[in-house]
Amino acid sequence: MAVSRALRRSFSTVSSEPLRVCIVGSGPAGFYTADKILKAHEGAEVDILDRLPTPFGLVRSGVAPDHPETKIVTNQFSRVAQNGRCSFIGNVSLGGSISLAELRELYDAVVLSYGAESDQALRIPGEELAGIYAAREFVWWYNGHPDCRNLAPDLKSSDTAVIIGQGNVALDVARILLRPTTELATTDISDHALAALSESSIRKVYLVGRRGAAQAAFTTKELRELLGIKDLSIKIRQADLSKTPADEEELKNNRIKRRIHELLSKAATPAASVCSPGQKELHFVFFRKPDRFLESDCRSGHAAGLRMERTILKEDVDSGKQIAVGTGLFEEMGCGLVLKSVGYKSIPVDGLPFDHHKGIVPNIQGRVLSEASGNAQVEKGLYVCGWLKRGPTGIIATNLYCAEETVASISEDVVTGVVTSRSGLSKPGRQGLLELLDNRNVKIVPFGSWEKIDNEEQRRGSLKNKPREKLTSWQDLLEVATE
Ligand code: NAP
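Residues numbered from 1 in each chain as written. Predicted model: local features only at pLDDT ≥ 70, side-chain atom pairs only at ≥ 80, totals over all residues. Heavy atoms only, no water.

## Notes on the site of the ligand
- With respect to spatial proximity, 20 residues lie near the ligand, and among them Gln 166, Asn 168, Arg 210, Arg 211 and Gly 394 are the closest.
- The separation between an oxygen atom of the ligand and a polar main-chain atom of Gly 394 is 2.6 Å.
- Taken by itself the ligand offers 920 Å² of open surface, and the protein chains cover 77% of this.
- Broken down by element, the shell around the ligand gets its largest block of residues, 3 residues, from helix α7 (residues 168-178).
- A per-class count over the shell around the ligand returns 8 nonpolar, 8 polar and 4 charged. (Near = heavy atom within 4 Å. Polar contact = N/O pair within 3.5 Å; in protein donor to acceptor, adjacent residues only side chain to side chain. Areas by Shrake-Rupley, 256 points an atom, 1.4 Å probe, with all protein chains shown as cover. Helix = DSSP H or I, 4+ residues; strand = E, 2+ residues; numbered from the N terminus. Nonpolar A, V, L, I, M, F, W, Y, C, P; charged D, E, K, R; others polar.)

Put into structure tokens, the structure is as follows:
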């Protein structure tokens, strides 16, 4: 929602005290929110906290290493962090170093934009077996996130990987598994991942979707890129591409989905699927839902395959969408590596209302509500933005509009006096936060210290013809930050 010019003019006249805002999470949603607050509120002070010593959230640890153009947005975010009224404060964890209640005491407004750092579970037998990972963990591993550097996925015991889900994250991980490592070597992929992928014996990747080609969740550009991998044989069953009248109806109203269907149909031609010895294969498998993971006979506790149930699509009366329902027909597929790519999940912190059904913080236009249903009250001074607000979907730019809406709500609340106190009692803001963290011996990483990490990563990268060689352990990151 756009804020009117008259409303905008009145922001600075409501209170002589600067507006003190704390944003938790320094990914795209956090930085876009900071940018918009700084622009809309003359004199406002904005602090951006992150539990990591590094900023940029998903741009650093989610965007694939072979998508450098997507990471250019960090230049814009760095300019925001360098604004004299803005501070990045890394290595501070909400719920660990400081509680939500404390932050709300310290700041006029708290915006939570810490995203979705967990994963949807399939809740099927065998999910705990070794060799089964959430795609997020695999992504964090190849992107050098310090929490997943020791993941060590086994890429050597088998030639087959199964990826469950057909969204863009699934395509990212398929691409990383299938792309020649000579091409990955000049990206900012983590050293440990490049080494493991160079020795990988994974030759066949199955992308398994519970619905059909008309319902795949990935987008055109990403599909084209995957299909374009050098020396890759693409396997798609012609029968899976036939369209029902309901599919035709669905595709009629969606140009992107139509284009995806066309691309898949083109890739399904017999010529495209011819395979020479040793060539890598990508199999698109539609209409199969995971039923249970199979344990290896010779390696106890390890996954050796997946049992899937064939599905058909039925219209769901409530949503109007075609959903997958089981047919009672099962089949098994052997594999040594499974990546579950069925969506990310947000985790609440103490004192934060949470809608467990939707996996988001209940909110109206970014204003946090006390509960998901019933007579919910607005939690004064508490806001959300990004995946925590709307769920784990959308591209980086989606956060721009999301932040605009949340900042418009904050701005309205400033004007109506909901946020800044008219009593003259100002909140301690940054100074109070830094004192509290210092008392707790929390070693914060300000933006200048991140720049040391940044410089060191770029220096190490330049020795290997890479844009950067990421520091991947907490210890290395904190050591370089405090040098
Ligand atoms: P997503 O787009 O929501 O895809 C999730 C996939 O998992 C869908 O195919 C879904 O199938 C399937 N799924 C969900 N629950 C399942 C279950 N219980 N059993 C089997 N399959 C299940 O999520 P995502 O791939 O994690 O991506 C998250 C967001 O980031 C998306 O908006 C994506 O576009 C974006 N992203 C963009 C890029 C890029 O632009 N390059 C890269 C990465 C991510 P149904 O459709 O049947 O539910």
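## A closer look at the packing of helix α16 (residues 447-462) against helix α17 (residues 474-481)
- Put simply, α16 and α17 touch, their axes get as near as 8 Å, and they point 110° apart. What the angle tells us is that α16 and α17 run roughly perpendicular. By crossing handedness, the relation of α16 to α17 is classed as right-handed. Each of Ser 449, Lys 452, Ile 453, Glu 456 and Glu 457 in α16 lies in contact with α17, whose residues at this interface are Leu 477, Val 480 and Ala 481.
- Looking at the contact of α16 with α17 residue by residue, the class counts come to 4 nonpolar, 1 polar and 3 charged. (Axes fitted to C-alpha atoms, helices over the stretch in contact; angles between N-to-C directions. Parallel < 35°, antiparallel > 145°, perpendicular 65-115°, else oblique. Left-handed = near helix turned anticlockwise from the far one by under 90°. Contact = heavy atoms within 4.5 Å.)

## Comments concerning the nonpolar core
- Grouped together as the largest cluster of nonpolar side chains are 54 residues, with contacts concentrated most on Tyr 142, Leu 177, Leu 264 and Phe 284.
- Residue contributions to this core peak at 7 residues, all from α7.
- Ignoring any residue separated from it by four or fewer positions in sequence, one finds Tyr 142 in contact with Ala 64, Pro 65, Asp 172, Val 173, Ile 176, Ile 189, Ser 190 and Ala 193.
- Grouped together as the second largest cluster of nonpolar side chains are 38 residues, Ala 403, Val 419, Val 445 and Trp 450 included. (Core = buried A, V, L, I, M, F, W, Y, C linked by side-chain atoms within 4.5 Å. Buried < 20%, exposed > 50% of the residue type's maximum accessible area, 1.4 Å probe, protein only.)

## So, helix α9 (residues 191-198)
- If you check which residues of α9 are buried, you get Ala 193, Leu 194 and Leu 197. All buried residues of α9 project into a common sector of 100° when viewed along the axis, lining one side.
- The elements touched by buried residues of α9 are α6 (135-142), α7 and α8 (181-184). (Arc of directions from axis to C-beta.)

## Observations concerning the state of the cysteines
- Following the criterion strictly, the structure yields 0 disulfides and no others.
- Left without a disulfide partner, Cys 385 is nearest to the cysteine sulfur of Cys 402, which lies 3.8 Å away. (Disulfide = S-S within 2.5 Å.)

## Quick word on the packing of aromatic side chains
- This model, assessed by the stated rule, comprises 11 aromatic pairs.
- On the basis of an interplanar angle of 80° and a centroid distance of 6.2 Å, the ring pair of Phe 88 and Phe 447 is categorised as edge-to-face. One end of the pair, Phe 88, is in strand β3 (residues 86-90); the other, Phe 447, is in helix α16, and 359 residues separate them in sequence.
- Judged by its relative accessible area of 2%, Phe 88 falls in the buried class.
- By relative accessible area, which is 8% here, Phe 447 ends up buried.
- Where Phe 138 meets Tyr 142, the ring centres are 5.6 Å apart and the plane angle is 90°; that geometry is what we call edge-to-face. On the criterion of helical spacing, the pair formed by Phe 138 and Tyr 142 is a turn pair, its members being 4 residues apart in helix α6. (Phe/Tyr/Trp six-rings, centres within 6.5 Å; stacked < 30°, edge-to-face > 60°.)

## Brief notes about the sheet that holds strand β16 (residues 363-364)
- With mixed pairing, the 8 strands of this open sheet are ordered in space as β16-β17-β18-β4-β1-β2-β3-β19. The outermost strands of the open sheet, each flanked by one partner alone, are β16 and β19 (445-446).
- The sheet contact formed by strand β4 (residues 109-112) and strand β18 (residues 378-384) spans 3 bridges and is parallel. Residue pairing for β18: Leu 112 is matched across the bridge by Val 384.
- Where helix α2 (residues 28-40) meets the sheet, it contacts β1 (20-24), β2 (45-50), β3 and β4, and its direction lies at approximately 175° from that of β2. (Pairing = 2+ DSSP bridges.)

## Some points on the packing of α2 against helix α14 (residues 398-415)
- For the pair α2 and α14, interaxial distance at closest approach is 8 Å and the crossing angle is 45°. It follows that α2 is oblique to α14 by the angle criterion. For the element pair α2 and α14, the recorded crossing hand is right-handed. Residue-level inspection shows Pro 28, Ala 29, Tyr 32, Thr 33, Lys 36, Ile 37 and Ala 40 of α2 in contact with α14, the latter providing Asn 399, Leu 400, Ala 403, Glu 404, Val 407, Ile 410 and Ser 411.
- A class-by-class count of the residues in the contact of α2 with α14 yields 9 nonpolar, 3 polar and 2 charged.

## Examining the sheet that holds strand β13 (residues 322-334)
- Pairing is antiparallel across the open sheet formed by 3 strands, whose spatial order is β11-β12-β13. The open sheet has two edge strands, β11 (288-295) and β13, and neither has a second partner. Averaged over all pairs of adjacent strands, the angle between their axes in this sheet comes to 20°, without regard to strand direction.
- Relative to β13, strand β12 (residues 303-315) is paired through 10 bridges, and the arrangement is antiparallel. Bridge pairing links Lys 314 to Ile 323 in β13.

## Considering the pattern of salt bridges
- Under the defined criterion, the tally for this structure stands at 40 salt bridges.
- Where Lys 39 meets Asp 35, a salt bridge forms, and the shortest distance between an N and an O atom there is 3.1 Å. Here Lys 39 and its partner Asp 35 are both found in helix α2, 4 residues apart, which amounts to about one turn of the helix.
- Given a relative accessible area of 64%, Lys 39 falls into the exposed group.
- Between Arg 203 and Glu 281 there is a salt bridge, with its nearest N and O atoms 3.6 Å apart. (Salt bridge = Lys/Arg side-chain N within 4 Å of Asp/Glu carboxyl O.)

Note that every value here comes from positions in space, so none of it alone points to a role or purpose.
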